[in-house]
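The lines below spell out each chain.
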Amino acid sequence: MNVTVDVVGEDSHDVAVDADATYADLLAAVDLSPHAVSVMVDGHTVPEDQPVDADHVRVVRLIKGG
């Protein structure tokens, strides 16, 4: 399965993943930690352990500080 990963404010990546891949696997393929980002499909966040079922996702980096 091929998935386009758009990292908001950064690059887009075309990633090939196995049919049983999760969103965490997809993030690992673009060298991002699921603890530092949120994955969105059709405007809704998806859990990192959910199987990938979309061909286009948006990734938003989480910002923390004080």
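These lines cover the structure that appears in this document, whether it is placed above or below.

**Some thoughts on the sheet that holds strand S1 (residues 2–7)**
No. 1: Strand order in the open sheet made by the five strands is S2-S1-S5-S3-S4, with mixed pairing throughout. The open sheet has two edge strands, strand S2 (12–16) and strand S4 (44–46), and neither has a second partner. Ignoring strand direction, the axes of neighbouring strands in this sheet form an average angle of 35 degrees.
No. 2: Summarising the sheet, strand S3 (residues 37–41) and strand S5 (residues 56–61) pair through four bridges and their orientation is antiparallel. Counted as the bridge partner of Ser38 is Val60 from S5.

**Quick word on the side chain of Asp6**
No. 1: Tracing the sequence through the fold places Asp6 in strand S1.
No. 2: No salt bridge is formed by the buried Asp6, whose closest oppositely charged neighbour, Arg58, lies at an N-O distance of 5.8 Å.
No. 3: Once residues within four sequence positions are removed from consideration, Asp6 is found in contact with Asp11, Ser12, His56, Val57, Arg58 and Val59.

**A short note on unusual backbone geometry**
No. 1: Look at Asp31: it is not a glycine, yet its phi comes out positive at around 60 degrees.
No. 2: Among the secondary structure elements, Asp31 is positioned in the loop between helix H1 (23–29) and S3.
No. 3: One non-glycine residue with positive phi stands out, namely Asp42, at about 55 degrees.

**Things to note about the pairing of S1**
No. 1: Here S1 runs beside S2; their pairing, made up of five bridges, is antiparallel. Counted as the bridge partner of Asp6 is Ser12 from S2.
No. 2: Where S1 folds back onto S2 in an antiparallel hairpin, the turn is made up of four residues, including Gly9, whose phi is positive at roughly 80 degrees.
No. 3: Two strands pair when backbone bridges link them, and S1 and S5 are joined in this way by four bridges, in the parallel orientation. Residue pairing for S5: Val5 is matched across the bridge by Val57.

Scoring rules and cut-offs
Residues numbered from 1 in each chain as written. Predicted model: local features only at pLDDT ≥ 70, side-chain atom pairs only at ≥ 80, totals over all residues. Heavy atoms only, no water. Pairing = 2+ DSSP bridges. Helix = DSSP H or I, 4+ residues; strand = E, 2+ residues; numbered from the N terminus. Axes fitted to C-alpha atoms, helices over the stretch in contact; angles between N-to-C directions. Buried < 20%, exposed > 50% of the residue type's maximum accessible area, 1.4 Å probe, protein only. Lys, Arg positive; Asp, Glu negative; His and termini not counted. Salt bridge = Lys/Arg side-chain N within 4 Å of Asp/Glu carboxyl O. Contact = heavy atoms within 4.5 Å.

These results come straight from atomic positions and should not be treated as a statement about function.
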